[in-house]
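If you want the building blocks of each chain, they are given just below.
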4 protein chains.
Amino acid sequence: MSAPIRGPIRLGMVGGGEGAFIGGVHRIAARLDGQFELVAGALSSTPEKAHASAQALGLDRSYDDFTAMAEAEATRADGVEAVAIVTPNHRHAGPAIEFLKRGIHVICDKPLTATMDEARQLAEVARASRALFILTHNYTGYPMVRQARAMVAAGDLGTIRLVQVEYVQEWLTEAAETKGSKQAEWRTDPARSGAGGATGDIGTHAYNLACFVSGLEPQALAADLSSFVPGRALDDNAHVLLRFAGGAKGMLWASQVAPGNENGLRLRVYGEKGGLEWAQEDPNRLWFTPFGEPKRLITRNGAGAGPEAARMSRIPPGHPEGYLEAFANLYAEAARAIRAHQAGEAPPLGTTYPTLADGLAGMRFVEACVQSSQANAAWVTL
Amino acid sequence: MSAPIRGPIRLGMVGGGEGAFIGGVHRIAARLDGQFELVAGALSSTPEKAHASAQALGLDRSYDDFTAMAEAEATRADGVEAVAIVTPNHRHAGPAIEFLKRGIHVICDKPLTATMDEARQLAEVARASRALFILTHNYTGYPMVRQARAMVAAGDLGTIRLVQVEYVQEWLTEAAETKGSKQAEWRTDPARSGAGGATGDIGTHAYNLACFVSGLEPQALAADLSSFVPGRALDDNAHVLLRFAGGAKGMLWASQVAPGNENGLRLRVYGEKGGLEWAQEDPNRLWFTPFGEPKRLITRNGAGAGPEAARMSRIPPGHPEGYLEAFANLYAEAARAIRAHQAGEAPPLGTTYPTLADGLAGMRFVEACVQSSQANAAWVTL
Amino acid sequence: MSAPIRGPIRLGMVGGGEGAFIGGVHRIAARLDGQFELVAGALSSTPEKAHASAQALGLDRSYDDFTAMAEAEATRADGVEAVAIVTPNHRHAGPAIEFLKRGIHVICDKPLTATMDEARQLAEVARASRALFILTHNYTGYPMVRQARAMVAAGDLGTIRLVQVEYVQEWLTEAAETKGSKQAEWRTDPARSGAGGATGDIGTHAYNLACFVSGLEPQALAADLSSFVPGRALDDNAHVLLRFAGGAKGMLWASQVAPGNENGLRLRVYGEKGGLEWAQEDPNRLWFTPFGEPKRLITRNGAGAGPEAARMSRIPPGHPEGYLEAFANLYAEAARAIRAHQAGEAPPLGTTYPTLADGLAGMRFVEACVQSSQANAAWVTL
Amino acid sequence: MSAPIRGPIRLGMVGGGEGAFIGGVHRIAARLDGQFELVAGALSSTPEKAHASAQALGLDRSYDDFTAMAEAEATRADGVEAVAIVTPNHRHAGPAIEFLKRGIHVICDKPLTATMDEARQLAEVARASRALFILTHNYTGYPMVRQARAMVAAGDLGTIRLVQVEYVQEWLTEAAETKGSKQAEWRTDPARSGAGGATGDIGTHAYNLACFVSGLEPQALAADLSSFVPGRALDDNAHVLLRFAGGAKGMLWASQVAPGNENGLRLRVYGEKGGLEWAQEDPNRLWFTPFGEPKRLITRNGAGAGPEAARMSRIPPGHPEGYLEAFANLYAEAARAIRAHQAGEAPPLGTTYPTLADGLAGMRFVEACVQSSQANAAWVTL
């Protein structure tokens, strides 16, 4: 909870107009620690809607589209220093490229893009840009996820053998996309979401989390994708086998059609010496079992939790921090990185956030799942 | 997540300098929904510390003390519209009175004051003031607490018979107050905390929550207070029997010496037709059992949750909201009430926050616990 | 799971005819480890019903009443060596006295009797008898209850400060006794149950468990009893404050009117160095928190569990043992004690079962609760 | 808890001498409801050990080997009516065949045999025999498993889409088979266990449970088996994808190397209308979510539980029944079937137990897993 040494970072937003879900989340996350101030936006691809949304938010600088915004802001003395991109997947690459080209830092929602082509274009620009690119795989912002990662890295589990991860939802059990749900519409639409349904929307989160915590390098996968709801173009369930460098193996299950599950992201990692279990719906607790000893409950800021969790945490143990705080942690990491970048310094020790590489890995994950499934769950190298 | 119709409310703060816990919480809570902007403060009773803290926070208007602050801010055109008081208990009444006298709204941490005398003085001023007084019994801001209250009020449980509440901690199991913990020092010091230890610090929360959800009027209590740690002047454990108007009964347990408990605030309410269970450390879930039917899990924004929970909630089910969000909900209620007050209108339907009356009830609870315990747990009328 | 060195002990039963609940439990418990064989019974106070029940059970020796049974069995070479008494409370003392007088061991359901007078008469006979008296406070047979007791005794928690116990049910939320439930009829009838309702039926279990695990000597209690259901003669809810020798304190809650609770017997014990938590509905797990360390899960026969739990356990960890096994553990303890008694030896080290003293303590608990409640929850010395 | 209409069924046992685990479980299960009496045995393949074990159990008729036993018992008027086979897998077929040939009912531990050849031989004999063959896939004896099966069959979940099952253990995380564990020795030995390690020992249970509850017919699987512990000949981890007739899909995970898991058998079934979740370590609870409604907790004998669970249950809700009771339920089903068979009648309505067909399906499951894994997780038809 240390304070800004100067005023907040000036933030712009692309997408996130009225009715959007994730835009509001980004705004709260950006605001929570006082490190960002939203000053400009192109909040919708429909200019009227964009301006109405801006007015509702009390936002003075509202643009017709992201290109106009990028051009104008890049030339203002008080122009945005960073931009949050919270559009549907097929509208990530366009604005990201525009802002990166102008040296404005990009905080982009996942997955990276809708198509692999877009991803490659974006990657090229990002690599050439002097600006930072931060991908909001927000679950990596949970304190106990950081704790788990640190414990694995410290060898508390020994060599990792197994990574079991799942992200299970129920909301698409019925054909919500035909019943007026805008969220369901674009998330089941290949034109807007890309080749992956559950795979892209939540499978990438599960995959990213598994890699983030285990530190393992995935080598191959075999995937069996399904679209259980009649008429649905994208997968709503993914059964995936994983193989990692060094011999570890895993299973990944992503589903949007499992009644009784809201956002059931759950990770279990097992090594030669111990095991870890974590669930996103109960995020302040991490279960650790050293083989041959009783299972231990490590709580955020409680006994057994280390500095990696503490730096992601605002309040003492027993008062739960949740999804918005985890999301805000990525914004706080972004702020540290941006300020260091502006000062020409290295970011503070421990600063960690998902990057372009994670985004490309996620795109490759979706692509490989689709390839494998089309080949009857044959192994595809990652 | 509706937006401000004008800029944020200008907020001041008394207390909350570096090293304080609850001040930081109030700042996040005020900021989270973008409804308040911190613009001035008297952040410590030591001016140097106050100014250093203000500088660290990037706060321009820093005052030597709350009196100077009240006087100056009341005369500025852009003076604070509301002030958050986050000092130790014995320094609540003083600043609250100064700001209320000048028509500035007060958002005050609990318990109301350190002594009943102070409470009465404050009450007198508050009643005479045109300004609002909001007490941050923050647990009433949890969405599922609102849900529970609404269900009881709607008669889902029938006539209430039993209210079992507890707030259990471990942090004072040893004499932390002699080992350098500032939090422990003032919270175990009668001069700064008042007559109640666990009773005042957490017992008042439990008591407030029990009354808030059950809607019952307490009539009498019998209390057995203990100070288990040698040399501790205030109670660190309270065993309390409760009787309510209409015949309902209850038990309240507050403890700071129960290893294995972080912030174990737990409420169970039982009526002729059903029962409810809620725990603060798992706040997004409410368990409801209609007698003779299977127990049901009602989640924040999930099936079975009603509008009272929804208006306290920012994101869909399955992504946990926590302590800071609940705290921010009280600030959001305060913002609604303040804006309505400024507009000369009634606050939006459903606006609910703890008031002076709750503060006085809490003070009476502590006083009655001490009286009862001194009389060997005799019944004391409330 | 060591085997009998000779054939099973010949067991008789008084009560437990068709429609009874606890009789069937005793029969399974007696049979589970192969240590007892049921050979005779006076299964009902109505001879016809007794004989019909005996026939249904394939029991050859069926008696009109317990007196006839005691007389006949005492003179047979193959007469019963022990008798299980599973009648309603007001019919415990009579048969127990008859069998004890004849040197036949008695395994008696709790509470000891319906009245204190009966209890004293029974105690007198029991003390004069050469036979053993075993009271089935069956929850003391759970392996993890033994584990908890051993940990407290070993000082793992340091000096005990707090004992919080509750036994919470829902089944009498409505007036089941007027709707044909025989169980409800006798358990709410002072003539058959004695002075205590919830207090006697389940409060005695909670009280016994608290004392068994904590090893503390109760000194005084203050009780607020209620009969929430109109027309109910006995208490259906008990709120009790406890004080123990040495300064520890406790709360006991027994209720039959809390919807959502089946057999919610839950014990929490806290000392200067740590805390323990156990719940009957999840009996294979014990939570232990050494102060300042992560909470640990100790499972039956798992890591961290000691010999006191292992000797009460039949199978490896992870395969749950339940209520019947715990009940059978008391029968196994009884078998060990009876066989040692027959051999003129001391029972095997560690043999532990509830005795007459526990029964008298339970009776005194009920009596004191009623006295205290009639005196407006004044303290009553135990 | 209805009583035998005649004396208990005379039971023999093959295997289960001292030091064996599962033999003791069968003996308790057989005894628990008073339906069987153990009267003869060939308790070990080493005659001296067999006789010593018999003596320790107080068993008069002890045989040198199962052939001698089958011959002798088949000719006695009071010979065994049924025999329990509790040997290692490679010694199932031999005795089963001997007894079946003589018309003696067989209750056999799983998996059916060590090899597919043995399985086929046994199947041929079993089909020709007039005696019953009961396979103790004991988890099908849990009341809430029966409840789940009944709910699926009744259409409460609609058409099933997903079956997620896992059986996860930790006990072979290290090379216990080289450190003196007899259980580990034979269970990791292809000569005694067959081609499957975790697959055969626990994977077959998971597979059987998935089919039993879902009622689905498996069509194909793809398996990735591992032996993580160096030097281990059989798999200790199995990752399996499943496809069922009608389009449902599933995942099965069996592991013996996941620290923190004791007997983590967990089943989740999802259909178009709802979902079910059950875990063996908490067996008295079943979670049911009708899509769009709150999750419901159905407890054994509690509200919402039906007759299929009730007939597998002995005591009221809230008093847990466990593993031994579930195992005993299969013995009770066997007793019903045997008595009906002896009377020339159909077994009572609802009598359900795993049969030869389940055993063959389990053998095929193991075989297919090994085939698939050897073919790099290619799909293998079942």
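Since the structure is predicted, the reported quantities are computational estimates derived from the model, not experimental observations.

A.B. asks: I would appreciate a short explanation of the UniProt feature "domain: Gfo/Idh/MocA-like oxidoreductase N-terminal" (unreviewed entry) in chain A in the present structure.
C.D. replies: UniProt's feature table lists "domain: Gfo/Idh/MocA-like oxidoreductase N-terminal" (unreviewed entry) at residues 9-134 of chain A, given in the numbering used throughout. The span residues 9-134 of chain A carries 42% helix and 20% strand; its end-to-end C-alpha distance comes to 15 Å.

A.B. asks: Help me out: how do you make sense of the interface of chain B and chain C in this one?
C.D. replies: The accessible area lost on association of the parts is a frequent measure of interface size. Between chain B and chain C, the residue contacts involve 45 residues of the former and 45 residues of the latter. Together chain B and chain C conceal approximately 3700 Å² of surface at their shared face, both sides included; 57% is due to carbon and sulfur atoms. There are six salt bridges connecting chain B and chain C. The partner of R268(B) in a salt bridge is E166(C), and the shortest N-O contact between them spans 2.7 Å. Put simply, chain B and chain C have 22 residue pairs in polar contact (both at pLDDT 80 or more) between them. Among the elements of the structure, β7 (160-168), β8 (218-226), β9 (237-244), β10 (249-255), β11 (264-271) and β12 (274-279) of chain B are those that each provide at least two residues to the side of chain B that touches chain C. Here the residues of the side of chain B that touches chain C are counted per class, giving 18 nonpolar, 15 polar and 12 charged.

A.B. asks: Help me out: how do you make sense of the sheet that holds strand β3 (residues 61-62) of chain D in this one?
C.D. replies: Strand-to-strand pairing in sheets goes through backbone hydrogen bonds, with the strands running parallel or antiparallel. All names here are of chain D. As summarised here, the arrangement of the six strands in space is β3-β2-β1-β4-β5-β6, forming an open sheet in which the pairing is parallel. Unpaired on one side and paired on the other, β3 and β6 (133-135) mark the two borders of the sheet. Across four bridges, strand β4 (residues 82-85) lies against strand β5 (residues 105-108) in parallel orientation. Bridge assignment links A84 to a residue of β5, and that residue is I107.

A.B. asks: Would you explain the pattern of salt bridges in this entry?
C.D. replies: Think of it this way: side chains of opposite charge can pair up when their charged atoms draw near. Within the structure shown, the criterion is met by 112 salt bridges over all chains. Ionic pairing is found between E73(A) and R61(A), a salt bridge with its closest N-O pair at 2.6 Å. One end of the pair, E73(A), is in helix α3 (residues 66-75); the other, R61(A), is in strand β3 (residues 61-62), with 12 residues separating them in the sequence. Overall, R61(A) belongs to the buried group, its relative accessible area being 15%. Measuring nitrogen to oxygen at the nearest pair gives 3.6 Å for the salt bridge that ties D201(C) to K110(C). Residue D201(C) is found in helix α9 (residues 198-214), and its partner K110(C) is found in the loop between β5 (105-108) and α5 (116-128); the two are separated by 91 residues along the sequence. Taking the relative accessible area as the measure of exposure, K110(C) reaches 5% and is therefore buried. The network of salt bridges with common partners includes D33(A), R300(A), R314(A) and E321(A).

A.B. asks: Just checking my understanding: could you explain unusual backbone geometry for this structure?
C.D. replies: A negative phi angle is the norm for most residues apart from glycine, just as the trans form is the norm for most peptide bonds. Residue P111(A) is reached from K110(A) by a cis peptide bond, and omega for that bond is -10°. Inspection of the secondary structure puts P111(A) in the loop between β5 (105-108) and α5 (116-128). Non-glycine residue N376(B) carries a positive phi angle of around 60°. Counting through the fold element by element, N376(B) comes out in the loop between α12 (356-374) and β15 (380-381). What makes N376(B) partly exposed here is its relative accessible area of 40%.

A.B. asks: What should I look at first to understand the domain arrangement of chain A in this one?
C.D. replies: Residue and element names in this part refer to chain A. Splitting chain A by domain gives domain 1 (9-131) and domain 2 (143-310 + 360-381). Of note, the centres of domain 1 and domain 2, computed from C-alpha atoms alone, are 27 Å apart. Across the contact, 17 residues belong to domain 1 and 16 residues belong to domain 2. Carbon and sulfur atoms supply 63% of the area buried between domain 1 and domain 2, which totals about 1200 Å² over both sides. When the buried area of domain 1 at its contact with domain 2 is split by residue, N89, K110 and M116 rank highest and sum to 38% of it. Counting the contacts that link domain 1 with domain 2 gives three residue pairs in polar contact (both at pLDDT 80 or more). Taken together, the residues that form the side of domain 1 that touches domain 2 break down as nine nonpolar, five polar and three charged.

A.B. asks: Would you mind going over the relation of the copies chain D and chain B with me for this structure?
C.D. replies: Turning chain D through 180° and shifting it by 0.0 Å along the axis lays it on chain B, with an RMSD of 0.0 Å. Both copies of the chain, as the preceding transformation shows, are related through a two-fold rotation axis. No C-alpha of chain D approaches the rotation axis more nearly than that of R296(D), which lies at 2.3 Å. Same-surface contact between copies: 100% of interface residues of chain D are shared with the interface of chain B.

A.B. asks: Even after reading the chapter, I still don't get the sheet that holds strand β1 (residues 9-14) of chain C, so can you show me in this structure?
C.D. replies: Residue and element names in this part refer to chain C. Taken in spatial order, the six strands line up as β3-β2-β1-β4-β5-β6 in an open sheet, and their pairing is parallel. Bordering the open sheet on either side are β3 (61-62) and β6 (133-135), each of which pairs with just one other strand. As judged from the two bridges shared by strand β2 (residues 36-42) and β3, these two strands associate in the parallel manner. In the strand pairing of β3, A40 is matched with R61.

A.B. asks: Help me understand the packing of aromatic side chains, please; the structure alone is not making it clear to me.
C.D. replies: Given two aromatic rings, their pairing is described by the distance between the two centres and the angle made by the two planes. For the structure on display, the rule yields 34 aromatic pairs over all chains. Taken together, a centroid distance of 5.7 Å and an interplanar angle of 75° make the contact between Y139(B) and Y167(B) edge-to-face. Placement of the pair is Y139(B) in the loop between β6 (133-135) and α6 (143-153) and Y167(B) in strand β7, with a sequence separation of 28 residues. Taken together, a centroid distance of 4.4 Å and an interplanar angle of 20° make the contact between Y207(C) and F365(C) stacked. Of the two residues, Y207(C) is situated in helix α9 and F365(C) in helix α12 (residues 356-374); the sequence distance between them amounts to 158 residues. Aromatic rings pair up to connect Y139(A), Y142(A), Y167(A), W278(A), Y323(A) and F327(A) into one cluster. Positioned above the aromatic ring of F212(A) is the side chain of R149(A), whose terminal nitrogen or guanidinium carbon lies 4.1 Å from the ring centre.

A.B. asks: What am I meant to see in the packing of helix α1 (residues 22-32) of chain A against helix α1 (residues 22-32) of chain B here?
C.D. replies: Axis angle and axis distance: for two packed helices, these are the angle between their axes and the distance between the axes, and together they describe the pair. With their axes 9 Å apart at the nearest point, α1(A) and α1(B) run at an angle of 145° to one another. Between α1(A) and α1(B) lies a crossing of right-handed hand. The residues of α1(B) that touch α1(A), namely those facing I28(A), R31(A) and L32(A), are I28(B), R31(B) and L32(B). Along the lines of polarity and charge, the residues of the contact of α1(A) with α1(B) split into four nonpolar, no polar and two charged.

A.B. asks: Help me out: how do you make sense of the interface of chain D and chain B in this one?
C.D. replies: On the side of chain B, nine residues touch chain D, which itself brings nine residues to the contact. Taken together, chain D and chain B are joined by two residue pairs in polar contact (both at pLDDT 80 or more). Considering each element in turn, the side of chain D that touches chain B owes the most residues, three residues, to strand β14 (residues 295-299) of chain D. Its residues assigned to classes, the side of chain D that touches chain B shows four nonpolar, two polar and three charged. Across three bridges, the pairing between strand β14 (residues 295-299) of chain B and β14(D) is antiparallel. Across the sheet, L297(B) pairs through a bridge with K295(D), a residue of β14(D).

Cut-offs and rules
- Per chain, the residues get numbers from 1 upward, laid out in the order the sequence is written.
- Chains carry letters from A onward and ligands carry numbers from 1 onward, assigned in written order.
- Since the coordinates come from a predicted model, pLDDT governs what is reported: local features require at least 70, and pairs of side-chain atoms require 80 or more to be given and counted, while whole-chain, interface and lining totals use all residues.
- Excluded from the side-chain calculation are hydrogens and water; included are all heavy atoms of the structure.
- UniProt positions are given in the numbering used here, feature names are shortened, and annotations may be inferred rather than shown by experiment.
- Helix and strand assignments come from DSSP, with helices taken as H or I runs of at least 4 residues and strands as E runs of at least 2, each series counted from the N terminus.
- Whether two residues are in contact is decided by their heavy atoms, any of which lying within 4.5 Å being enough.
- Once two parts are put together, the accessible area they lose, assessed with a 1.4 Å probe and summed over both, is termed the buried area.
- Here a salt bridge means any side-chain nitrogen of Lys or Arg lying within 4 Å of a carboxyl oxygen belonging to Asp or Glu.
- Under the rule applied, a polar contact is a pair of N or O atoms within 3.5 Å (in protein, one hydrogen donor and one hydrogen acceptor; residues adjacent in sequence only if both atoms are side-chain atoms).
- Note on residue classes: Ala, Val, Leu, Ile, Met, Phe, Trp, Tyr, Cys and Pro are nonpolar, Asp, Glu, Lys and Arg are charged, and everything else, Gly too, is polar.
- Strand pairing is assigned whenever DSSP detects at least two bridges linking the two strands.
- The buried label goes to any residue with under 20% of its type's maximum accessible area, the exposed label to any with over 50%, and the partly exposed label to all in between, with areas taken from a 1.4 Å probe on protein chains only.
- Reported domain spans reflect what an automatic or database domain assignment gives.
- Superposing the copies works by least squares over the C-alpha atoms of residues that have pLDDT at least 70 in both of them.
- Whether two aromatic rings pair depends on their centres lying within 6.5 Å, for rings of Phe, Tyr and Trp, where Trp uses its six-membered ring; planes under 30 degrees apart make the pair stacked, over 60 edge-to-face, and the rest tilted.
- Note on geometry: a ring has a charge over it if NZ (lysine) or CZ (arginine) is within 6 Å of the ring centre and within 35 degrees of the ring normal.
- Note on geometry: axes are lines fitted to C-alpha atoms, helical ones only across the stretch in contact, with angles between N-to-C directions running from 0 to 180 degrees.
- Handedness of each helix crossing follows the sense of rotation of the near helix against the far helix: counterclockwise by less than a right angle gives left-handed, clockwise gives right-handed.

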